[in-house]
Amino acid sequence: MTGATAAGGAGARSQGRLSKLITGLFMKHARVAAIEDVAPRFRLVTLDGPALRNVTWQPGQKLQIAMGSPFVGRTYTPLDWDPGEGRTRLLGYVHGDGPGSEWILGLAVGDQCEVFGPRSSLDADRVAPPRALFGDETSIGLAHALVRAEQVSPTRCCFEVGDADISRQVLARLDLDAATLIVRRDNAGHLPALENALKAFVTAGASFVLTGQSGTVQGLRHKLRDHGVPTSRALAKAYWAPGKRGLD
């Protein structure tokens, strides 16, 4: 038992040293500067710090946040980034009971965290406007970033959501009132309405950005192919999948 304990202790110390090395080399230190409870299960979190200054950021890029260790993290899409002030904002959505939900719920102003990025995730400029974004609650941050960056032909948005009233509160706070909401139903009963909305944008000649739950993203990609939409007019990025944690 003593030998096993010693070996375990040595392993923990080794992993601790590796964690510190990775944190020092690749991650940025940030502070939780503000938290706004926008609606039930949604928190708007502002991070700031000197390491966030003079950063080049593009809408759609991702920021990974360590949940106590660089080996355990969750990915968020910044809503915006002020490189002069060293400040960025994230929209946290609590769904499930994993590390990301625990982190969002437990946050307090003044908390410290380590972040990695921003770095490439989804480049909407790869598809020509007008654009239509289809997603869910986890896609709202991306939607805000894209719409805010586009002045001439802003992205149109359609979200499948669990609660329309709660989602409208969030969308109103982020100036996305024009978005279409389709309430998620048991046994995928809402999918025909989602597909009809997709077809309307196909008819209008839109390009597509598909994000959110993996199954929905895959299903909408198949529908676009059925409608003859070329792959050059569609981007897809699954943010989460039932039963899986930490999709990047």
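Residues numbered from 1 in each chain as written. Predicted model: local features only at pLDDT ≥ 70, side-chain atom pairs only at ≥ 80, totals over all residues. Heavy atoms only, no water.

**Some points on the packing of helix α5 (residues 191-203) against helix α6 (residues 214-226)**
Then comes step 1: As a packed pair, α5 and α6 sit with axes 11 Å apart at the nearest point and diverge in direction by 45°. Taken together, the axes of α5 and α6 are oblique relative to one another. In terms of crossing hand, the pair formed by α5 and α6 is right-handed. Of the residues in α6, those in contact with Leu194, Glu195, Leu198 and Val202 of α5 are Thr216, Leu220, Lys223 and Leu224. (Axes fitted to C-alpha atoms, helices over the stretch in contact; angles between N-to-C directions. Helix = DSSP H or I, 4+ residues; strand = E, 2+ residues; numbered from the N terminus. Parallel < 35°, antiparallel > 145°, perpendicular 65-115°, else oblique. Left-handed = near helix turned anticlockwise from the far one by under 90°. Contact = heavy atoms within 4.5 Å.)

**Things to note about the layout of surface pockets**
Then comes step 1: Here the second largest pocket is characterised by a volume of approximately 220 Å³.
Then comes step 2: Around the second largest pocket sit 14 residues that line it, and Gln58, Pro59, Asp123, Ala124 and Asp125 are the ones nearest its centre. (1 Å grid on protein atoms, 1.4 Å probe; cavity = no way out; pocket = protein on both sides within 12 Å on 5 of 7 lines; lining within 4 Å. Points joined across faces, edges and corners; volume = space filled by probe spheres on them.)

**Considering the sheet that holds strand β8 (residues 131-135)**
Two modes of strand pairing occur in sheets, parallel and antiparallel, and in both the strands are linked by backbone hydrogen bonds.
Then comes step 1: Spatial strand order, β10-β9-β8-β11-β12: five strands in an open sheet with parallel pairing. The strands lining the two open edges of the sheet, one partner per strand, are β10 (180-183) and β12 (234-240). Across this sheet, the average inter-strand angle for adjacent strands is 15°, counted without regard to direction.
Then comes step 2: Bridging between β8 and strand β9 (residues 156-161) involves four bridges; their strand directions are parallel. Bridging across to β9, Leu133 finds its partner in Cys157.
Then comes step 3: Packed on one face of the sheet, α5 meets β8, β9, β10 and β11 (207-213) and runs near 170° to β8.
Then comes step 4: Running over the sheet, α6 touches β8, β9, β11 and β12 and is turned about 155° from β11. (Pairing = 2+ DSSP bridges.)

**A word on the pairing of β8**
Then comes step 1: Along β8, five of the five residues are buried, which leaves the element largely enclosed by surrounding structure.
Then comes step 2: Taking every second residue as pointing to the same face, both faces of β8 are buried, with Arg131, Leu133 and Gly135 on one and Ala132 and Phe134 on the other. (Buried < 20%, exposed > 50% of the residue type's maximum accessible area, 1.4 Å probe, protein only.)

**Some points on the pattern of salt bridges**
Then comes step 1: Counted according to the given criterion, the structure contains 10 salt bridges.
Then comes step 2: One salt bridge in this structure joins Arg173 and Glu36, with 2.9 Å as the shortest N-O distance. Of the two residues, Arg173 is situated in helix α4 (residues 164-173) and Glu36 in strand β1 (residues 28-39); the sequence distance between them amounts to 137 residues.
Then comes step 3: You can call Arg173 partly exposed: its relative accessible area is 35%. (Salt bridge = Lys/Arg side-chain N within 4 Å of Asp/Glu carboxyl O.)

**Some details on the state of the cysteines**
Simply put, disulfide is the name for a covalent bond between the sulfur atoms of two cysteines.
Then comes step 1: Enumeration according to the criterion identifies zero disulfides in this entry.
Then comes step 2: Free cysteine Cys157: the closest other cysteine sulfur is in Cys158, separated by 8.9 Å.
Then comes step 3: Classification of Cys158 by relative accessible area gives buried; the value is 0%. (Disulfide = S-S within 2.5 Å.)

Keep in mind these numbers describe shape, not what the thing actually does.
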